[in-house]
Amino acid sequence: KAPSIEERILQCRAFLKEHGHLDIPAIQNASQPDSGGDDGLKRWARSMRIEYRDLLDGKYDADSIDENETNKGWLRKKGKGTVMNRLEMLEEIGFHFKMTRGEENLGEVSSEVAASGETSSVAAKKAPASSRSRVIFDMRLDQCRRFKAEKGHMNIATSLKKTIGLSEWSARMRSLYNQRTEGKTPLTPGQEEKLKELESLGFAFDGAFDVNLQKLAAFKAEHGHTRLPQTYDPDRALGHWAEKCRLEHNKLARGERSDYLTFDRLRKLTAIGFSFSTSHTKQMTTSFDEWVAKVKAYREEHGTDPTGSHPELGNWVAKTRVNYNRKMDGKGKHFLSDEREQKLRDIGFSFRVGKRPDSRAVAAAKARPRKSWDDRLAEFVRWKERHGHPYVPTVCEG
């Protein structure tokens, strides 16, 4: 049984460790039987170089091979369905693809090269050095750019049916990113360079989290801050995500564990200047006396209590009045003890704004018979017959 690509990669790594390079020499006699060991590796290395040469000659491209892999058609049956997969894995470890003169003499030259009268190595030399070592990576970058132009992001799922090859490649890139984040196994300079290039393009290594992070960066560029509210109408999902990050950060602040806000995610949020505290989260961390001091300072400056629309104090003021009403009615839980109530009275805080119905009015409203849906429909029909149209105003007599 022939070794798998994973086993060959391990052999290449062992060769690299022993010799300091991956310029695996060619086997001298291509017609002799495979004896395994070094001869097997040399024979396989030559076949990989031939496939890479065919790639440079335009016989393969990422889109066509990905589509054939989806259908598991003739490419996979002929063993070519994973051409891109094999070659890009070898690119990532720095495999030396340039064919020696001996290898060229052993194999067939492509029709395009033969027509030009050039050997494959001469044709390959015409391409820039970087393209010879990262041809497939550049193909994948082009696919990523087109994916982003179509979807608006670069969160490439690992189960895309139409582009299996791109999905598998994305999964490997994320694996390399996690490997770098964990710091267990150092990456090669080539792998580091590729990750940095993907980061500059906005590749979502951390899936939806990175997509939201990019949206947050756009919000900051537009508004000049990252105090994204939970009820952010243009993108409700983004607002809920920001609030989740704040709540998870509060767990860490309390010494609890957060499975969602990992060290790497926390690092990214801190780097972008994310505001972990808004008016809602401040209510959870600011003491009652601090709120009283803030309201007192506001009253001294403006002569009145903060309105409900005040960005920092509005929610707390409204909540305090609701708790006061609960206390007065003797219903439900409230945080307004007698001591706290007195502190607010000392600074002149108004517990009630506007007319509040007394207990008799509340009881009468509750005792009033409620009309059913059919009753309301009959009322609506009478209104239409009387006025000649169905547009019932919000408030009307009778």
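This paragraph deals with the overall build of the chain. Looking only at helices and strands, one finds 21 helices and zero strands in the chain. Looking at the chain as a whole, 37% of its 398 residues are labelled buried. In the chain, the proportion of contacts linking residues at least 24 apart, taken out of those at least 6 apart, comes to 56%. As displayed, the chain has an accessible area near 24,200 Å², and 51% of this comes from carbon and sulfur atoms.

For the rest of this paragraph, the subject is helix H12 (residues 189–201). Residue pairs spaced three or four apart in an α-helix point in one direction, given the helix's 3.6 residues per turn. Taking 1.5 Å of rise per residue, the 13 residues of H12 would be expected to cover 18 Å, and the 19 Å separating its terminal C-alpha atoms lies within 8% of that figure. Those residues of H12 that sit buried are Gln191, Lys194, Leu195, Leu198 and Leu201. Viewed end-on, H12 has its buried residues packed into an arc of 120°, placing them on one side of the element. Exposed residues on H12 whose side chains face more than 90 degrees from its buried face are Pro189, Lys196 and Ser200. Just past H12, the residue Gly202 takes up positive phi, approximately 90°.

Below, the discussion takes up the side chain of Lys268. Turning to its location among the elements, Lys268 is positioned in helix H15 (residues 263–272). Excluding its chain neighbours within four sequence positions, the residues that come into contact with Lys268 are Tyr177, Asp206, Phe209, Asp210 and Leu213.

Locating Arg265 in the fold gives a position in helix H15. Under the relative-accessibility criterion, Arg265 is labelled buried at 15%. A polar contact is formed between the side chain of Arg265 and the side chain of Asp206, at a distance of 2.7 Å. Once you skip the residues sitting within four places of it in the chain, Arg265 turns out to touch Asp206, Phe209 and Tyr260.

Below, the discussion takes up the packing of aromatic side chains. Overall, the coordinates contain 15 aromatic pairs when judged by the stated rule. Members of the aromatic cluster, connected to one another through ring pairs, are Phe137, Trp169, Tyr177, Phe203 and Phe205. Here Lys244 stacks its cationic end above the ring of Tyr260, 4.0 Å away from the centre of that ring.

The next point concerns a nonpolar patch on the surface. A cluster of nonpolar residues, Trp373, Leu377, Phe380, Val381 and Val392, forms a patch on the protein surface that exposes about 480 Å² of accessible area. Relative to the helices and strands, Trp373 resides in helix H21 (residues 373–387). By relative accessible area, Trp373 is classed as exposed at 65%.

Here we come to the confidence of the model for the chain. Averaged over all residues, the pLDDT of the chain is 76; the fraction at 70 or higher stands at 74%. The low-confidence segment residues 67–81, where pLDDT is below 50, has 24 contacts with residues more than four positions distant or belonging to other chains. In this model residues 105–132 is a low-confidence stretch, pLDDT under 50, and it forms 34 contacts with partners more than four residues away in sequence or in other chains.

Okay, the packing of helix H5 (residues 83–93) against helix H10 (residues 135–151) next. Two numbers describe how H5 lies on H10: the axes approach to 8 Å, and their chain directions differ by 110°. By the criterion of interaxial angle, the relationship of H5 to H10 is roughly perpendicular. For the pair H5 and H10, the contacting residues are Met84, Leu87, Glu88 and Glu91 in the first and Val135, Ile136, Phe137, Met139 and Arg140 in the second. Residue composition of the contact of H5 with H10, grouped by class: six nonpolar, no polar and three charged.

Moving on to the nonpolar core. Within the largest apolar cluster, 22 residues are counted, with the highest numbers of intra-cluster contacts made by Cys12, Ile24, Trp44, Leu55, Leu87, Leu90 and Phe95. Put simply, the parts of the chain that give this core at least two residues each are helix H1 (5–19), helix H2 (37–56), H5 and H10. Contacts of Ile24, omitting those with residues within four sequence positions, involve Cys12, Phe15, Leu41, Lys42, Ala45, Arg49 and Phe95. Of all hydrophobic cores here, the second largest spans 17 residues; its members include Trp169, Met173, Leu195 and Leu198.

Glancing now at the pattern of salt bridges. For the coordinates displayed, the defined rule picks out 25 salt bridges. As a salt-bridge pair, Glu150 and Lys151 come within 3.9 Å of each other at their nearest N and O atoms. One salt bridge connects Arg236 with Asp233, and the closest N-O pair in it is separated by 2.7 Å. One network of salt bridges, in which partners are shared, links Asp210, Asp264, Arg267 and Lys268.

Here we take up H10. Its 17 residues place the ends of H10 24 Å apart at the C-alpha level, agreeing with the 24 Å of an ideal helix rising 1.5 Å per residue. Within the sequence span of H10, burial applies to Val135, Ile136, Phe137, Arg140, Leu141, Gln143, Cys144 and Phe147. One or two positions beyond H10, positive phi appears at Gly152, with a value near 90°.

Turning to the environment of Gly94, a few remarks are in order. Residue position: Gly94 is located in the loop between H5 and helix H6 (101–106). By relative accessible area, Gly94 is classed as partly exposed at 46%. For Gly94 and His21, which are 73 residues apart along the polypeptide, the C-alpha to C-alpha distance reads 8.4 Å.

Mapped onto the elements, Ala171 comes out in helix H11 (residues 164–182). The exposure class assigned to Ala171 is partly exposed, which follows from its relative accessible area of 32%. A sequence separation of 15 residues divides Ala171 from Ile156, and the C-alpha atoms of the two residues are 8.8 Å apart.

About the cut-offs
Residues numbered from 1 in each chain as written. Predicted model: local features only at pLDDT ≥ 70, side-chain atom pairs only at ≥ 80, totals over all residues. Heavy atoms only, no water. Helix = DSSP H or I, 4+ residues; strand = E, 2+ residues; numbered from the N terminus. Buried < 20%, exposed > 50% of the residue type's maximum accessible area, 1.4 Å probe, protein only. Contact = heavy atoms within 4.5 Å. Areas by Shrake-Rupley, 256 points an atom, 1.4 Å probe, with all protein chains shown as cover. Expected span 1.5 Å × (residues − 1). Arc of directions from axis to C-beta. Polar contact = N/O pair within 3.5 Å; in protein donor to acceptor, adjacent residues only side chain to side chain. Phe/Tyr/Trp six-rings, centres within 6.5 Å; stacked < 30°, edge-to-face > 60°. Lys NZ or Arg CZ within 6 Å of the ring centre and 35° of its normal. Patch = residues over 30% accessible without salt bridge, like charges linked within 9 Å, V, L, I, M, F, W, Y side chains within 5 Å. Salt bridge = Lys/Arg side-chain N within 4 Å of Asp/Glu carboxyl O. pLDDT = per-residue confidence, 0-100. Axes fitted to C-alpha atoms, helices over the stretch in contact; angles between N-to-C directions. Parallel < 35°, antiparallel > 145°, perpendicular 65-115°, else oblique. Nonpolar A, V, L, I, M, F, W, Y, C, P; charged D, E, K, R; others polar. Core = buried A, V, L, I, M, F, W, Y, C linked by side-chain atoms within 4.5 Å.

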